[in-house]
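Okay, here's what each chain looks like letter by letter:
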Amino acid sequence: MAASDYKFEGWMGLDKNSVGNMVWQEFEPKPWEESDVDIKVTHCGICGSDLHTLRSGWGPTMYPCCVGHEIVGVAVRVGSQAEGDIKVGDRVGVGAQSDSCRGRNGDCEECASGLEQYCRHSMVGTYNGVYQNGGKSYGGYSLYHRSPSRFVVKIPDAIPSAQAAPMLCGGITVYSPLRHYGCAPGKRVGIIGVGGLGHFGIMFAKALGADKVVAISRKNNKREDALKLGADAYIATDDDADWAKNNARSLDLIVSTVSSSKMPMVDYATLLDLDGCFVQVGAPEDGALEIPAFALIGKRAKLGGSLIGGPNEIREMLALAAEKKVQPWIEERSMKDANKAVVEMDAGKARYRYVLSNEL
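Residues numbered from 1 in each chain as written. Predicted model: local features only at pLDDT ≥ 70, side-chain atom pairs only at ≥ 80, totals over all residues. Heavy atoms only, no water.

1. Regarding the overall build of the protein chain
- Looking only at helices and strands, the protein chain features eleven helices and 17 strands.
- Radius of gyration (C-alpha) of the protein chain: 20 Å, near the 21 Å computed for a compact globule of 360 residues.
- Summarising its shape, the C-alpha atoms of the protein chain cover approximately 65 × 40 × 40 Å along the three principal directions.
- A buried classification covers 56% of the 360 residues belonging to the protein chain.
- Contacts in the protein chain between residues at least 24 apart in sequence constitute 71% of all its contacts with a sequence separation of at least 6.
- Of the roughly 14,700 Å² of accessible surface on the protein chain, a fraction of 48% belongs to carbon and sulfur atoms.
- In the protein chain, 40 side chains carry a positive charge and 44 a negative one; their mean positions are 3 Å apart. (Helix = DSSP H or I, 4+ residues; strand = E, 2+ residues; numbered from the N terminus. Rg over C-alpha atoms; globule rule 2.2 N^0.38 Å. Buried < 20%, exposed > 50% of the residue type's maximum accessible area, 1.4 Å probe, protein only. Contact = heavy atoms within 4.5 Å. Areas by Shrake-Rupley, 256 points an atom, 1.4 Å probe, with all protein chains shown as cover. Lys, Arg positive; Asp, Glu negative; His and termini not counted. Charge placed at Lys NZ, Arg CZ, Asp CG, Glu CD.)

Spelled out as structure tokens, the structure:
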């Protein structure tokens, strides 16, 4: 298919009031390079990052902006220098990153190690970023998407497109720290927040073989869901005044998916056992987190963070998801209803991930 056979059109945020007010417009993708792939978008997950970006919550957004970085579709144009053995007609996906310094003017240490998400020179987001060739990045609330092939991954046959899409950011954002910080048989793992990220955290902790997975939320209303997802236990912090004391030193690893600076960090750190680790992946708009110094010092505990995952780690995650039959809880919505869907996502109605579809 020639590029002249299709147009790049999508839902564009025009200002900081864009949540629920996106406008359908044509846009100019990055200038074509022979290392690129054009994708006809069939599905795109709605991520919390989309909302933060639409309203300039993490800093000024480069409007107009087309969000969406959980993209799955069909390759319709593949450059002559494309990587990854991608062919026209392949089912492929792109996550939250679509460029870095790798392969441009020599690799930085991170890119050379397969940690492109930590590129010290140019971590380019799949939307609201600027590619190495100067083009602006536009996301997957659209009909077509163009990406450097290095960040395009094939989707395993065993995973339906609608289920694969939210794995490409929501899934990898929790899978990566679980793997890096040692989630495995013998480990006790806590997941704070039972939402789009947290529900993936529960499933991937179980898939990686954790002995015990504990879901942690404020209210009891997600207990049943968490147990169905595979959690072995549930802590409702608002409904048990003694939750921290009753569960002290019970976990080896905690992954927090909550994007709020109001978290009870000291109490969370109390849950860690000796040499335990608390990893933050949610990025608050409303301020900084406190450091629970004494709770860390007393148990030689660690406080860390984690950012998505590189393309090779995404492939590893998808292979595990296919093998272990990890199935996210999703609700498909038509791409034409994107404005309504993001408003409902912002209101916390998703259970637990909305996926926009151009096929509905």
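2. Some remarks on the pattern of salt bridges
- Applying the stated criterion across every chain yields a total of 24 salt bridges.
- Here R55 and E285 are joined by a salt bridge, their closest N and O atoms 3.1 Å apart. Taken as a pair, R55 in the loop between helix 1 (48-54) and strand 4 (71-78) and E285 in the loop between strand 14 (272-280) and helix 9 (293-297) lie far apart in primary sequence, 230 residues in all.
- R249 is paired through a salt bridge with D273; the nearest N and O atoms lie 3.3 Å apart. In this pair, R249 sits in the loop between helix 7 (243-246) and strand 13 (251-256) while D273 sits in strand 14, placing the two residues 24 residues apart along the sequence.
- Looking at R249, the relative accessible area reads 41%, which means it is partly exposed. (Salt bridge = Lys/Arg side-chain N within 4 Å of Asp/Glu carboxyl O.)

3. What to know about the domain arrangement of the protein chain
- As far as domains go, the protein chain holds domain 1 (9-169 + 309-357) and domain 2 (170-305).
- Taking only C-alpha atoms into account, the centre of domain 1 sits 27 Å from that of domain 2.
- In this assembly, 25 residues from domain 1 lie in contact with 25 residues from domain 2.
- With both sides pooled, the region where domain 1 packs onto domain 2 buries about 2,100 Å², and carbon together with sulfur makes up 61% of that total.
- Taken together, domain 1 and domain 2 are joined by two salt bridges.
- The residue R179 makes a salt bridge to E316 at a minimum N-O spacing of 2.8 Å.
- The interface formed by domain 1 and domain 2 includes 16 residue pairs in polar contact (both at pLDDT 80 or more).
- A total of seven residues in the side of domain 1 that touches domain 2 trace back to one element, the largest contributor, which is helix 10 (residues 311-324).
- Taken together, the residues that form the side of domain 1 that touches domain 2 break down as 13 nonpolar, five polar and seven charged. (Domains from an automatic or database assignment. Buried area = accessible area lost by both parts, 1.4 Å probe. Polar contact = N/O pair within 3.5 Å; in protein donor to acceptor, adjacent residues only side chain to side chain. Nonpolar A, V, L, I, M, F, W, Y, C, P; charged D, E, K, R; others polar.)

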